[in-house]
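Residue-level structural notes
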Amino acid sequence: MTIDFEKDPNGLIPAIIQDARTKNVLMLGYMNQAAFDKTQETQRVTFYSRSKQRLWTKGEESGNFLNVVDIKNDCDGDTLLISVRPVGPTCHTGTDTCWGEENSPNFAFLSQLEGIIKQRRTTDDGSSSYVASLFEKGINKIAQKVGEEAIETVIEAKDDNDELFLYESADLLFHYLILLQAKGFTLADIEAELRNRNK
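Computed from a predicted model, the values in this text were never measured in an experiment.

Here we come to the overall build of the protein. When helices and strands are counted, the protein shows six helices and six strands. Listed by position from the N terminus, the elements making up the protein come as β-β-α-β-β-β-β-α-α-α-α-α. For a compact globule of 199 residues, the expected C-alpha radius of gyration is about 16 Å, and the protein comes in at 23 Å, more than 25% above that figure. Overall, the protein is about 65 × 40 × 30 Å in size when its C-alpha atoms are taken along their principal axes. Of all 199 residues assigned to the protein, the portion counted as buried reaches 36%. Seen as two clouds, the 22 positive and the 32 negative side-chain charges of the protein have centres 8 Å apart.

The backbone of Lys23 shows a phi angle near 70 degrees, a positive value even though the residue is not glycine. Along the chain, Lys23 falls in the loop between strand E1 (13-19) and strand E2 (25-31).

As paired strands, strand E5 (residues 66-73) and strand E6 (residues 80-86) are joined by seven bridges and run antiparallel to one another. Paired with Asn67 across the bridge in E6 is Arg85. Between the antiparallel neighbours E5 and E6 lie six residues, among them Gly77 with a positive phi of about 75 degrees.

Before going further, it helps to spend a moment on the side chain of Asn32. Here Asn32 is to be found in the loop between E2 and helix H1 (33-42). A polar side-chain atom of Asn32 sits 2.8 Å from the main-chain amide nitrogen of Ala35. Setting aside residues up to four positions removed in sequence, Asn32 forms contacts with Phe5, Gly11, Leu12, Tyr48 and Leu55.

Attention shifts here to the layout of surface pockets. Estimates place the volume of the largest pocket at around 430 Å³. If you trace the largest pocket, you find 21 residues lining it, with Met27, Lys52, Trp56, Lys58 and His92 closest to the centre. Elements that contribute at least two residues to the lining of the largest pocket include exactly E2 and strand E3 (46-49). Tallied by class, the residues present in the lining of the largest pocket amount to eight nonpolar, eight polar and five charged. Residue lining of the second largest pocket: Ser104, Pro105, Phe107, Ser111, Glu114, Gly115, Lys118, Arg121, Gln181, Thr186, Leu187 and Ala188, and that is the complete set. Ranked by residues supplied to the lining of the second largest pocket, first place goes to helix H2 (residues 109-123) with five residues. Of the residues assigned to the lining of the second largest pocket, the class counts are four nonpolar, five polar and three charged.

Since the α-helix turns once every 3.6 residues, residues separated by three or four places project in the same direction. A rise of 1.5 Å per residue sets the reference length of helix H4 (residues 139-157), with its 19 residues, at 27 Å; its end C-alpha atoms lie 27 Å apart and thus fit the reference within 8%. Among the residues of H4, Ile142, Lys145, Val146, Glu149, Thr153 and Glu156 are the ones counted as buried. Taken down its axis, H4 places every buried residue within 100 degrees of arc, on the same side. In this structure, H4 carries Asn140 and Ile151 as exposed residues pointing more than 90 degrees from its buried face. Buried residues along H4 sit in contact with helix H3 (130-137) and helix H5 (162-182).

All right, on to H3 then. The complete set of buried residues in H3 reads Val131, Ala132, Ser133, Leu134 and Phe135. Buried residues along H3 sit against H2, H4 and H5. Its side-chain oxygen at 3.2 Å from the backbone nitrogen of Val131, Ser129 defines the N-terminal cap of H3. Among the residues trailing H3, Gly138 stands out with phi positive, at a value near 100 degrees.

Within the largest apolar cluster, 18 residues are counted, with the highest numbers of intra-cluster contacts made by Ile17, Met31, Val45, Leu80 and Ile82. Excluding anything up to four places from it in sequence, Ile17 contacts Asn24, Val25, Leu26, Met27, Val45, Phe47, Leu66, Ile82 and Val84. With twelve residues, the next largest nonpolar core counts Ile142, Leu177, Leu179 and Leu180 among its residues.

So, about the packing of aromatic side chains. Taken as a whole and assessed by the stated rule, the structure comprises two aromatic pairs. Ring centres 6.4 Å apart and planes at 55 degrees place the aromatic pair Phe5 and Phe36 in the tilted group. Placement of the pair is Phe5 in the segment before E1 and Phe36 in helix H1, with a sequence separation of 31 residues. Given a relative accessible area of 5%, Phe36 falls into the buried group. Its end group placed over the ring of Phe65, Arg44 keeps NZ or CZ at 3.7 Å from the ring centre.

Thresholds applied
- Throughout this description, residue numbers start from 1 for each chain and increase along the sequence as written.
- With the structure being a predicted model, the display of local features is reserved for residues of pLDDT at least 70 and the display and counting of side-chain atom pairs for 80 or more, all residues being used for whole-chain, interface and lining totals.
- Note: side-chain values were computed over all heavy atoms of the structure, leaving out hydrogens and water.
- Segments assigned H or I by DSSP are reported as helices when at least four residues long, segments assigned E as strands when at least two residues long, and all are numbered from the N terminus.
- All radius of gyration figures rest on C-alpha atoms, and the globule criterion is 2.2 Å times the number of residues raised to 0.38.
- The rule is simple: take the accessible area with a 1.4 Å probe, protein chains only, and divide by the maximum for that residue type; under 20% is buried, over 50% is exposed, in between is partly exposed.
- Residues scored as charged are limited to Lys and Arg (positive) and Asp and Glu (negative), so that His and the chain ends carry no count.
- A charged residue contributes its charge at one atom only: NZ of Lys, CZ of Arg, CG of Asp or CD of Glu.
- Pairing between two strands requires that DSSP report at least two bridges joining them.
- Each polar contact in these results corresponds to two N or O atoms within 3.5 Å; when the atoms are within protein, one needs to be able to donate a hydrogen and the other to accept it, and residues that are neighboring in sequence are counted only if both atoms are side-chain atoms.
- By the convention used here, residues are in contact when the closest approach between their heavy atoms is within 4.5 Å.
- We place a 1 Å grid over just the protein atoms. Points where a 1.4 Å probe fits but has no way out form a cavity, open points with protein on both sides within 12 Å along at least 5 of 7 lines form a pocket, and any residue with an atom within 4 Å of a point lines it.
- Grid points are joined across faces, edges and corners, and a volume is the space filled by probe spheres set on the points.
- Only Asp, Glu, Lys and Arg are considered charged in this grouping, and only Ala, Val, Leu, Ile, Met, Phe, Trp, Tyr, Cys and Pro are considered nonpolar; every other residue, Gly among them, is considered polar.
- A helix's residues, less one, multiplied by 1.5 Å, set its expected span.
- Note that the arc is computed from the directions linking the helix axis to the C-beta atoms.
- Buried Ala, Val, Leu, Ile, Met, Phe, Trp, Tyr and Cys residues form a nonpolar core when they are joined through side-chain atoms within 4.5 Å.
- What counts as a ring pair is set by centres within 6.5 Å for rings of Phe, Tyr and Trp (its six-membered ring), and what kind of pair is set by the plane angle: stacked under 30 degrees, edge-to-face over 60, tilted for all other angles.
- Only when the NZ atom of a Lys or the CZ atom of an Arg is both within 6 Å of the ring centre and within 35 degrees of the ring normal do we say a charge sits over the ring.

Spelled out as structure tokens, the structure:
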């Protein structure tokens, strides 16, 4: 890996720190050659602190280390993307990230949909929302809907109409997300189970 530390007059390059599991960006720091070398040697992220004017291993005081999984250099050779397994919160303020965000798994629109389902379950009555009406009818009705949608998806899978297959697949996933919440689980729990099986 060729890193161009000389582009900056102070010999510093930005290092973007990303959680290897969630893919969330945790923080941004700066490295010089010595910080990069120590990071590779210890497999714990070490920065050059511009305020302290010295090398600084993240977690040296708090114990909240950033254990290196992978290091990538960008196309210009002057920015690092460091994939880590964080130990504890990353920010000195105690938050998961330096932007005050929770470092939880994100499944893009599916996570947004989970949030909508949760909101409708807790704030809507059964007359104003289909989702709320399902929760009102109870687990048996929700499970029945998942079964019905699964059968319809299988039927469409055996046909040649891709549009109907995708439609029924979306119905199945939507109702499955409702069932997960009815049972007290989320997609993150399913991901964790699959990760455990992959060991």
